[in-house]
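# Inside the fold
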Amino acid sequence: MADLNEEVVLKTIAEGVKNGESSSGVLEELRGGMEILGQRFADGEYSLAELMMGAEIFRECMDMIEPSLEKNGVSTRGRVVIGTVKGDVHDLGKNIVAAMLRGSGFEVHDIGVDKPPEQFVEKIREVDADIVGLSCLLTSTLGSMRKTVSVIRESGLDIKIMIGGGVFSRGIESTVTRIEGADGFGKDAVEAVNLAKEWVTATP
Amino acid sequence: MSETFSPRERLQKAIDCQTPDRVPIALRVEYSAALWAGMSCRDFCCYPHKASDVIEAAFDKIGGWDGVDNTWTQGVRFTHLEPQKPMIPGVDLPDDVPMEFSSEPSMTADDYDVAIKQGYYGLYSELIARRGRKFNRRTEEELFLGFAPIYRYWEEKKGVPVIRGGMTRPPVIAFTLLRTFEEVSKDYFRRPDKVLEAVNATYKECIQMGETQSRLVGCNYVFVPISRAASTFMSERLFHKFFFPTFKEIIEQLVKDGFTPRIHADADWTPFLQYFLELPKRKCILELEPMTDMVKAKKILGGHMCLFGDVPPDILSLGTPTDVESYVKKRIEDVGKDGFILANDDMMPHDASYENVKAIVDAGKKYGWS
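Bear in mind the structure is a predicted one, so any value in this text is a computation, not a measurement.

## As for the overall build of chain B
- Scanning chain B from N- to C-terminus turns up 15 helices and 9 strands.
- The C-alpha atoms of chain B give a radius of gyration of 20 Å, which matches the 21 Å a tight globule of 370 residues would have.
- Counting only C-alpha atoms and orienting by the principal axes, one finds that chain B spans roughly 60 × 45 × 35 Å.
- Pairs at least 24 apart in sequence give 72% of the contacts found in chain B among residues at least 6 apart.

Written out as structure tokens, the structure is:
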């Protein structure tokens, strides 16, 4: 998995499914592979391209083992709603984080780009999400990000709010602190996933 | 301090990695200039002459700088030359925000074969035709000849060089924009030979495209965007395989043909900086943003390549003139006055305040003297 050999991984999983191997055991192995991928990214050996390929292999494997996981009552790590805030149509960072979260065992509901606060709230309620991820690239949409956080907080939902995107990755560090009410910030996709994992682990 | 160099001489001295009378200043002013002047973003996007006029108004009011970007061409250029669906202010978007592109992909995996068989122009013609528009060498020529008078105006009447003629986008960078970064990332592993064949089949035409466009407007600066080959997006293995060999040839050819490549490198290039030592010495500009360690860049590339940057967009939108002045002062202290062009990093946000943009120029003229 961590070496991104898609053919070998898919063949091995297919054989495992055919031979009745424990789907939860397979899932743990896949998650272990994703952990190694994340570590190689942190070490500078891998880039976002490798992370995207790893997340894709994970998704294909999940398609194979999901029916068995559901039958055995194995649940996801947590539910995440993710989207780019109103006024911003950029989606690269959001897509990468969504793929990595899926690859780490989260159920991800991507609502797309240019989304008003109400749609985030609606989706969080609909899927009973644990975490919401808000992305924006443009400085001009920081106000929209702030409003989205505020509307989610005012809705009374019990949810962790993660913010990220190009606007926070350069320049003045205080940009992040301009978004009051957010619970955390992911500098890159791996940090975002680690933060999500911490939050769901800490949830009683 | 009195100026002893013209803007062109000042820029050239920096490209030569030497110390001019003061650090040259180059700004990429875009839609913010329209908003300062009360013009709609739609007009800035659709009418190059009007866009040039508001940039000129800002240029005069601020007191001038040494190199202007051709942002007045941007809306028309993108609408005609890019296959992605454009979203026009006042039409598809509110009238006070810049043009955007739909993120819907234009290129499929099968289109690598189009690139292999028909080349770079052929690929773009095909993809643009699918959007119901026409693109070929003739339409490109008409478009750039239409821009040429504005270039001449800036050069001859205003006495300031326009620092972008055409654009040479290396193939793998183009594929990530046309097909999305996510899909091309998977292609590196699923169909590496096909991607590489398409890269090798198209890169020479990429050079021609940048050179032709630059000749048509009479400007010798060629913009070469490479952000999606940064260490953020490519591991060193992928960088070597799909990007660097042909990129190096592109830059060598542009230099050989008398052009100055503006290598535009957003994202984090710190781990790859040593590769720029393999490019022609004192012939290129390397444009960085704060994700790359500019001090390390200077240490590695000082005397070899002129650095350009990097006042970040969030300071221009959210900071104060004092924040801008501090940033510029520190940047000049860190990087030195040789082989450096002071500039804003990447695109200027449309909500950049006039006072903050003016502060870049004021600070450059205060701290940049040799």
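That shown, we press on.
## A look at the overall build of chain A
- On a plain count of helices and strands, chain A comes out with 7 helices and 5 strands.
- Element order for chain A, N to C, with α for helix and β for strand: α-α-α-β-α-β-α-β-α-β-β-α.
- For chain A, the C-alpha radius of gyration of 17 Å lies close to 17 Å, the compact-globule estimate for 204 residues.
- In terms of its C-alpha atoms, chain A occupies a principal-axis envelope of roughly 55 × 35 × 30 Å.
- Within chain A, the fraction of its 204 residues that count as buried is 51%.
- When contacts within chain A are restricted to residue pairs at least 6 apart in sequence, long-range pairs at least 24 apart make up 76% of them.

## Section: the pairing of strand β7 (residues 285-288) of chain B
Residue and element names in this part refer to chain B.
- Every second residue of β7 is oriented toward a common face, with Ile285 and Glu287 on one face and Leu286 and Leu288 on the other, all of them buried.
- The pairing of strand β6 (residues 260-265) with β7 spans 4 bridges and is classified as parallel. Considered in β7, the bridge of Arg262 is made with Ile285.
- Pairing of β7 with strand β8 (residues 306-311) involves 3 bridges; the strand directions are parallel.

## As for the sheet that holds β7 of chain B
All names here are of chain B.
- The parallel open sheet is built from 7 strands, whose spatial order is β2-β1-β9-β8-β7-β6-β5. Of all strands in the sheet, those with a lone pairing partner are β2 (67-68) and β5 (221-225), marking the two edges.
- Strands β7 and β8 of the sheet are contacted by helix α12 (residues 294-301), whose axis makes an angle of about 175° with β8.
- The strands touched by helix α14 (residues 321-335) within the sheet are β8 and β9 (340-344), with β8 carrying the most contacts at an inclination of about 160°.

## A closer look at the domain arrangement of chain A
All names here are of chain A.
- Domain parsing of chain A yields domain 1 (6-71) and domain 2 (79-202).
- Distance from the C-alpha centre of domain 1 to the C-alpha centre of domain 2: 25 Å.
- Each side of the interface is counted separately: domain 1 has 12 residues, and domain 2 has 10 residues.
- Considering only residue class, the side of domain 1 that touches domain 2 consists of 8 nonpolar, 2 polar and 2 charged.

## Concerning the interface of chain B and chain A
- Every contact between the two is made by 29 residues of chain B and, on the other side, 25 residues of chain A.
- Counting residues per element, the ones that place at least two in the side of chain B that touches chain A are α9 (181-190) and α13 (313-318) of chain B.
- Of the residues in the side of chain B that touches chain A, the class split is 14 nonpolar, 8 polar and 7 charged.

## Description of the pairing of strand β2 (residues 107-110) of chain A
Residues and elements named next belong to chain A.
- Only one face of β2 is buried, namely the one carrying Val108 and Asp110, since none of Glu107 and His109 on the opposite face is buried.
- Note that strand β1 (residues 79-84) and β2 share 4 bridges and pair parallel. Bridging across to β2, Arg79 finds its partner in Glu107.
- Crossover connection from β1 via helix α4 (residues 92-103) to parallel β2: handedness right-handed.

## Some thoughts on unusual backbone geometry
All names here are of chain B.
- Going from Gly309 to Asp310, the amide bond is cis rather than trans, its omega being -20°.
- The backbone phi angle of Cys17 is positive, close to 65°, even though this residue is not glycine.
- Here Thr180, not a glycine, exhibits a phi torsion of approximately 85°, which is positive.
- You can see Thr180 is positioned in the loop between α8 (171-179) and α9.

## Examining the sheet that holds β2 of chain A
All names here are of chain A.
- The sheet built from 5 strands is open, its strands ordered β2-β1-β3-β4-β5 with parallel pairing. With one partner strand each, in any of the chains shown, β2 and β5 (184-185) form the two edges of the open sheet.
- In this structure, β1 lies alongside strand β3 (residues 131-135), joined through 5 bridges in parallel fashion. Bridging from a neighbouring strand, Val80 pairs with Ile131 of β3.

## Here's the deal with α14 of chain B
Residues and elements named next belong to chain B.
- Relative to the 21 Å expected for 15 residues at 1.5 Å per residue, α14 spans 21 Å between its end C-alpha atoms, a close match to the ideal helical length.
- Looking at the buried residues of α14, the elements they touch are α12, β8, α13, β9 and α15 (354-367).
- Within two residues after α14, Gly336 carries a phi angle of roughly 90°, on the positive side.

## Quick notes on the packing of α8 of chain B against α9 of chain B
Residues and elements named next belong to chain B.
- Interaxial distance between α8 and α9 falls to 6 Å at its minimum, and their mutual angle equals 125°. Put simply, α8 runs oblique to α9. Between α8, through Phe175, Thr176 and Arg179, and α9, the contact on the second element is made entirely by Phe181, Glu183 and Val184.
- Among the residues forming the contact of α8 with α9, the class breakdown is 3 nonpolar, 1 polar and 2 charged.

Parameters and conventions
Residues numbered from 1 in each chain as written. Chains lettered and ligands numbered in written order. Predicted model: local features only at pLDDT ≥ 70, side-chain atom pairs only at ≥ 80, totals over all residues. Helix = DSSP H or I, 4+ residues; strand = E, 2+ residues; numbered from the N terminus. Rg over C-alpha atoms; globule rule 2.2 N^0.38 Å. Contact = placed C-beta atoms within 7 Å. Buried ≥ 20, exposed ≤ 12 C-beta atoms within 10 Å, placed from the backbone. Pairing = 2+ DSSP bridges. Axes fitted to C-alpha atoms, helices over the stretch in contact; angles between N-to-C directions. Domains from an automatic or database assignment. Nonpolar A, V, L, I, M, F, W, Y, C, P; charged D, E, K, R; others polar. Right-handed = clockwise from strand over helix to strand, strands pointing away. Expected span 1.5 Å × (residues − 1). Parallel < 35°, antiparallel > 145°, perpendicular 65-115°, else oblique.

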